Amino acid sequence: MDVFLQELFLEIGEYPLQNMIRVCSTLKAAAGLNMDPRLFIGVGAFLLICGSARGSNDTTPLVIWHGMGDNCCNPLSMGAIKKMVEEEVPGIYVLSLMIGKTVVQDTESGFFKDVNEQVSFVCEKLAQDPKLKAGYNAMGFSQGAQFLRAVAQRCPNPPMKTLISVGGQHQGVYGLPRCPGESSHICDWIRKKLNSGAYTDAIQKHLVQAQYWHDPLNDDLYKQHSLFLADINQERVVNQTYKKNLMLLEKFVMVKFLQDSVVDPVDSEWFGFFVTGQAEKTETLQESALYKEDRLGLAEMDKAGKLVFLATDGDHLQFSREWFNAKLLPYIR
């Protein structure tokens, strides 16, 4: 047995970490053999090492939600992100959310399906996925970021560990200066509808972007009639469950694109917005009533080091693989 253990130690030194499991399995089988009791100490110590090696090779699943005009599986966007993460984090389970039965329905849902219904659909989907029961990290792109925040606030099971918002609009938008992708004709129509009456029942119910439209010149209308954003931002009443659930996050990472030509105001990507009553001067999250009153627990999270503010000098959702690996990958490994 002394020779056996020596050979195993030598072999493990020649193998990379991911191959260590095979050696550990061999040693565990050997532990069941009749051996000199003195060797149990060495075997036991080695099995502890094996357990640590297996644990370090575990990964936390990642759930991603695409933005407006996109879908779960576009090989140039979410499909590429999913593949990149899988290459960088071997063995990780990545779920790219599809709202609907096809990618066409998924794209259409990003414009026309009630956001609250989408969030409920996702909550049910995540709860039914056995691979997520121990928890997951979430990464939302553009509007998908605030939708995933709603998931964190409304559906704590399975638990979301870290939320990464990539260009999300957590205080909404007041303008649609440029739409991404190939949906400009749809965006032109949406822009007209928002400008003509974003808070009418028909538009609120059937136009996704209206549900996070935040008009600083009509604050009362926004608070009274916004079906989605005003609710998750605690504008009408303070839902203590929303606050408690959001504070369960280990990290809430927000990425701002400094040359963003899609989000107006860009400060919304860091939870800032226009000062109420006008549409020129902005205020930071820390200057807002939401933070000072701590209606969502963001002030407490900030003090605990849970809020992370990142910036990149690019247009909306424009970043390199190197930047992604350096800035975001550490939060999902």
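Residues numbered from 1 in each chain as written. Predicted model: local features only at pLDDT ≥ 70, side-chain atom pairs only at ≥ 80, totals over all residues. Heavy atoms only, no water.

The subject of this paragraph is the overall build of the protein. Along its length, the protein carries 15 helices and eight strands. Residue pairs in contact within the protein that sit at least 24 positions apart in sequence constitute 68% of those at least 6 positions apart. About 15600 Å² of surface is accessible on the protein, with carbon and sulfur atoms providing 54% of the total. (Helix = DSSP H or I, 4+ residues; strand = E, 2+ residues; numbered from the N terminus. Contact = heavy atoms within 4.5 Å. Areas by Shrake-Rupley, 256 points an atom, 1.4 Å probe, with all protein chains shown as cover.)

Next up on the list: empty space enclosed by the protein. Under the defined criterion, the tally for this structure stands at two cavities of 30 Å³ or more. The calculated volume of the largest cavity comes to roughly 80 Å³. In terms of lining residues, the largest cavity is bounded by 10 residues, among which Met68, Ser142, Gln169, Tyr212 and Val262 are the most central. Here the lining of the largest cavity is composed, by residue class, of six nonpolar, four polar and no charged. Considered as a void within the structure, the second largest cavity measures approximately 30 Å³ in volume. For the second largest cavity, the full set of lining residues is Trp65, His66, Gly67, Ile99, Gly110, Gln118, Gln143 and Phe147. Tallied by class, residues from the lining of the second largest cavity come to three nonpolar, five polar and no charged. (1 Å grid on protein atoms, 1.4 Å probe; cavity = no way out; pocket = protein on both sides within 12 Å on 5 of 7 lines; lining within 4 Å. Points joined across faces, edges and corners; volume = space filled by probe spheres on them. Nonpolar A, V, L, I, M, F, W, Y, C, P; charged D, E, K, R; others polar.)

Attention now goes to the nonpolar core. Counting 53 residues, the largest nonpolar core has Trp65, Leu126, Val151, Met160, Phe252 and Leu298 as the members making the most contacts within it. What Leu126 contacts, discounting residues up to four positions off in sequence, is Val63, Leu95, Leu97, Leu132, Tyr136, Val151 and Pro158. Within the second largest apolar cluster, 23 residues are counted, among which are Leu62, Val89, Trp323 and Ile332. (Core = buried A, V, L, I, M, F, W, Y, C linked by side-chain atoms within 4.5 Å. Buried < 20%, exposed > 50% of the residue type's maximum accessible area, 1.4 Å probe, protein only.)

At a minimum axis distance of 10 Å, the contact between helix H6 (residues 115-127) and helix H7 (residues 143-154) shows a crossing angle of 60°. The angle between H6 and H7 falls in the class oblique. Here the hand of the crossing between H6 and H7 comes out right-handed. For the pair H6 and H7, contact is made by Val115, Asn116, Val119, Val122, Cys123 and Leu126 and by Phe147, Ala150, Val151 and Arg154, respectively. Looking at side-chain class alone, the contact of H6 with H7 contains eight nonpolar, one polar and one charged residues. (Axes fitted to C-alpha atoms, helices over the stretch in contact; angles between N-to-C directions. Parallel < 35°, antiparallel > 145°, perpendicular 65-115°, else oblique. Left-handed = near helix turned anticlockwise from the far one by under 90°.)

Further remarks concern the layout of surface pockets. Here the second largest pocket is characterised by a volume of approximately 220 Å³. For the second largest pocket, the lining is made up of 15 residues, of which Gln171, Glu235, Thr276, Glu283 and Ala289 are closest to its centre. Those elements that place two or more of their residues in the lining of the second largest pocket are helix H10 (219-225), strand S6 (273-274) and helix H13 (289-292). In the lining of the second largest pocket, the residues fall into five nonpolar, five polar and five charged.

Throughout the structure, instances matching the rule amount to two disulfides. The disulfide bridge from Cys123 ends at Cys155, spanning 2.0 Å between sulfur atoms. Every disulfide takes its handedness from the sign of the S-S torsion; for Cys123 and Cys155 that torsion is 90°, giving right-handed. Taken together, the residues Cys123 in helix H6 and Cys155 in the loop between H7 and strand S4 (160-166) connect sequence positions 32 residues apart. Each of the two residues, Cys123 as well as Cys155, counts as buried. (Disulfide = S-S within 2.5 Å.)

Right, let's talk about the packing of aromatic side chains for a bit. For the structure shown, the criterion picks out 11 aromatic pairs. Here Tyr174 and Trp213 contribute two aromatic rings whose centre-to-centre distance is 5.5 Å and whose plane-to-plane angle is 55°, an arrangement assigned as tilted. Placement of Tyr174 in the loop between S4 and helix H8 (184-197) and of Trp213 in the loop between helix H9 (201-206) and H10 is noted, with a sequence separation of 39 residues between them. The exposure class of Trp213 is buried, given its relative accessible area of 5%. The interplanar angle of 20° and the centroid separation of 5.8 Å between the aromatic rings of Phe319 and Phe324 together place this pair among those described as stacked. A relative accessible area of 24% places Phe319 in the partly exposed class. Judged by its relative accessible area of 0%, Phe324 is buried. Sitting over the face of the ring of Tyr93, Lys131 holds its NZ or CZ atom 4.5 Å from the ring centroid. Lying over the aromatic face of Trp270, Lys256 brings its terminal NZ or CZ to 4.1 Å of the ring centre. (Phe/Tyr/Trp six-rings, centres within 6.5 Å; stacked < 30°, edge-to-face > 60°. Lys NZ or Arg CZ within 6 Å of the ring centre and 35° of its normal.)

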